[in-house]
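Spelled out, the chains give:
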Amino acid sequence: MARVRVLVRPLAALTAGLLLIAGCGDSGKTSADKPGGRSGSASSGPVVVATTSWEAALAKAAGAKNVTSIVPPSIRHAPDYDLKPTDLTAVADADFVLYSPFEPFAGRIKEAAGSKAEMIELELDNAPAKTSANVTRLGKAFGTQKAAARWNASLTKEWDTLAKQVKATWPGGKAPAVTAQMFTTWAAKLAGARLVGTYGPEAVTAAQLSELTAKKPQFVLDNENMSTGTVLPGSGAKQVDIANYPGKDLDLQAVYRKAAAQMEKAFSAS
C-alpha cells in the first residue's frame, strides 16, 4: 500500500549518483482543485512533481491538475535516463514529490534542489485495489477527495466492462492458462485467466524455462517495461507484451484498456 513519509538525506549523497531504477515516465502538466502551491494559483492548486508517468497518472486520477513527471515516455527503463538541471528546478518549485521505493534517487533530488516539498512514497501496482488505495491517499494529501472518489468509481466500472469483454474472447470459451511476469499478474486477473506460473523481474533461467514450459501455458503476459525478449522459446505459448506505464496523456485507465485489447486480439486468434 502507499505510504507517506518525509525523507531527509545529506546533500553529499547526490554525488553517489542520480540513477533512477524505475520504469518509464512522462512529461505533462495539470493541478489540483484546492488552492495552494508555491508555483500554482488558487485555481491551479498544488504543484506535483512525479518521478515517472505512473506516479503522475495517479496524481491526475486523484484530482491534481498541475502535474509534471521527470522521465520522458520514450525511456522504457529509467536507468537509461540522465537527470538534468531542469529536473531539479522542477522539484524545487513542487509542493509534493511522488516516487516509488525502488527509486532511491528521489530523496536526493529533493535535497539537492532545496525543495520543501512533501515526499510521498507510492507502491506501484496496477492491481485495482492498490491503484484505488494510491488514488485515495493522494486525494487526501491534495485535498481532492471527491475527485479521487469519482475516479475510483469510474475505474471499478471500467475494469468490470473490460473483464467481460476479454472473457468473451476466451479460446474455446474456457479461461486460458497464462504465465505472467510478476508485475503483470494484474493483467491475468483482468482476463480472468488461469495463472499457472510467474517469473521475473530477472530473465528466466534454464531451470525456470523447463518448469514454466511444463505447465503448458497458452499465453505469456510479459512486462513491456522490463522485457528480456522471448520468455518461453519453443513452448508454443503466445507472448503478449503488457505495458504498466501510461503515456503522455497520463491516462491510467488507458493502460487497462490497452492490455484488454491486446489480450482480446491474442485470445481471438487462438
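Above this text you will find the structure in question.
Residues numbered from 1 in each chain as written. Predicted model: local features only at pLDDT ≥ 70, side-chain atom pairs only at ≥ 80, totals over all residues. Heavy atoms only, no water.

**Focus: unusual backbone geometry**
Here is step 1 of the chain: In this model, G200 is joined to P201 through a cis peptide bond whose omega is 5°.
Here is step 2 of the chain: Of note, P201 is situated in the loop between strand 7 (194-199) and helix 7 (206-214).
Here is step 3 of the chain: A positive phi angle, near 55°, is found at K216, a position not held by glycine.
Here is step 4 of the chain: Mapped onto the elements, K216 comes out in the loop between helix 7 and strand 8 (219-223).
Here is step 5 of the chain: A positive phi angle, near 55°, is found at L250, a position not held by glycine.
Here is step 6 of the chain: Inspection of the secondary structure assignment puts L250 in the loop between strand 9 (238-242) and helix 8 (252-268). (Helix = DSSP H or I, 4+ residues; strand = E, 2+ residues; numbered from the N terminus.)

**Section: the sheet that holds strand 7**
Here is step 1 of the chain: Taken together, four strands build an open sheet; the order of strands is 7-6-8-9 and the sheet is parallel. A strand with exactly one partner marks an edge of an open sheet, and here the two such strands are strand 7 and strand 9. Each neighbouring strand pair of the sheet contributes to a mean axis angle of 25°, computed without reference to strand direction.
Here is step 2 of the chain: Summarising the sheet, strand 6 (residues 177-181) and strand 7 pair through five bridges and their orientation is parallel. Bridge assignment links Q181 to a residue of strand 7, and that residue is Y199.
Here is step 3 of the chain: Packed onto the sheet, helix 8 meets strand 8 and strand 9 and runs at close to 170° relative to strand 9. (Pairing = 2+ DSSP bridges. Axes fitted to C-alpha atoms, helices over the stretch in contact; angles between N-to-C directions. Contact = heavy atoms within 4.5 Å.)

**Some points on helix 1 (residues 53-61)**
Note that an α-helix has 3.6 residues per turn; residues three or four places apart therefore point the same way.
Here is step 1 of the chain: Here helix 1 lies mainly inside the structure; eight of its nine residues are buried.
Here is step 2 of the chain: On its buried face, helix 1 sits against strand 2 (47-50), strand 3 (66-69), strand 4 (96-99), helix 4 (128-142), helix 5 (145-167) and helix 8.
Here is step 3 of the chain: Note on helix 1: the residue one or two positions beyond its end, G63, has a positive phi of about 115°. (Buried < 20%, exposed > 50% of the residue type's maximum accessible area, 1.4 Å probe, protein only.)

**A few points about the packing of aromatic side chains**
Here is step 1 of the chain: One pass over the structure, following the stated rule, counts five aromatic pairs.
Here is step 2 of the chain: Ring centres 5.0 Å apart and planes at 75° place the aromatic pair W54 and Y245 in the edge-to-face group. Of this pair, W54 sits in helix 1 while Y245 sits in the loop between strand 9 and helix 8; the two residues are 191 residues apart in sequence, bridging distant segments of the chain. The residues W54 and Y245 share a single accessibility class, namely buried.
Here is step 3 of the chain: Three or more aromatic residues joined by ring pairs make a cluster, and in this case those are W159, W186 and Y256. (Phe/Tyr/Trp six-rings, centres within 6.5 Å; stacked < 30°, edge-to-face > 60°.)

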